[in-house]
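# A structural walkthrough
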Amino acid sequence: MFEAFAASGRKFQRGEQRPAAINGDLALTSTRLADGSITSEVARRQADGTWLWVIDRYSVVW
């Protein structure tokens, strides 16, 4: 699957990343893409201080 995806040559446009909303060890991030769609992700801070995605929603429909 990944090989076929890489071979397709699909390009992604950079969006406008919004400020993260952080509450304790959880963070909500989002990006508004050039086509107007929005992504959203939730990350959890790990014991070593790094962040790990727990929810990654590529496109949020309004």
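Residues numbered from 1 in each chain as written. Predicted model: local features only at pLDDT ≥ 70, side-chain atom pairs only at ≥ 80, totals over all residues. Heavy atoms only, no water.

Another point: the pattern of salt bridges. For the structure on display, the rule yields two salt bridges. Its salt-bridge partner being arginine 18, residue glutamate 16 comes within 2.6 Å of it at the nearest N-O pair. Note on arginine 18: relative accessible area 39%, which makes it partly exposed. (Salt bridge = Lys/Arg side-chain N within 4 Å of Asp/Glu carboxyl O. Buried < 20%, exposed > 50% of the residue type's maximum accessible area, 1.4 Å probe, protein only.)

A few words now on the pairing of strand E4 (residues 38-45). Across seven bridges, strand E3 (residues 26-32) lies against E4 in antiparallel orientation. Bridge pairing links serine 30 to serine 40 in E4. In sequence, E3 turns back onto E4 through a hairpin of five residues, with glycine 36 there showing a positive phi of about 95°. (Pairing = 2+ DSSP bridges. Helix = DSSP H or I, 4+ residues; strand = E, 2+ residues; numbered from the N terminus.)

Before going further, it helps to examine the confidence of the model for the protein chain. For residues with low pLDDT, the predicted coordinates do not support detailed interpretation. Summarising the model, the protein chain shows a mean pLDDT of 88, and 92% of its residues fall at 70 or more. The least confident element of the protein chain, judged by mean pLDDT, is strand E5 (residues 51-60) at 81; the most confident is strand E2 (residues 21-23) at 97. (pLDDT = per-residue confidence, 0-100.)

Attention now moves to the pairing of E3. In terms of strand pairing, strand E1 (residues 16-17) meets E3 through two bridges, oriented antiparallel. Bridging across to E3, glutamine 17 finds its partner in threonine 31. Between E2 and E3, which pair antiparallel one after the other, the connecting turn spans two residues, and glycine 24 there sits at a positive phi close to 65°.

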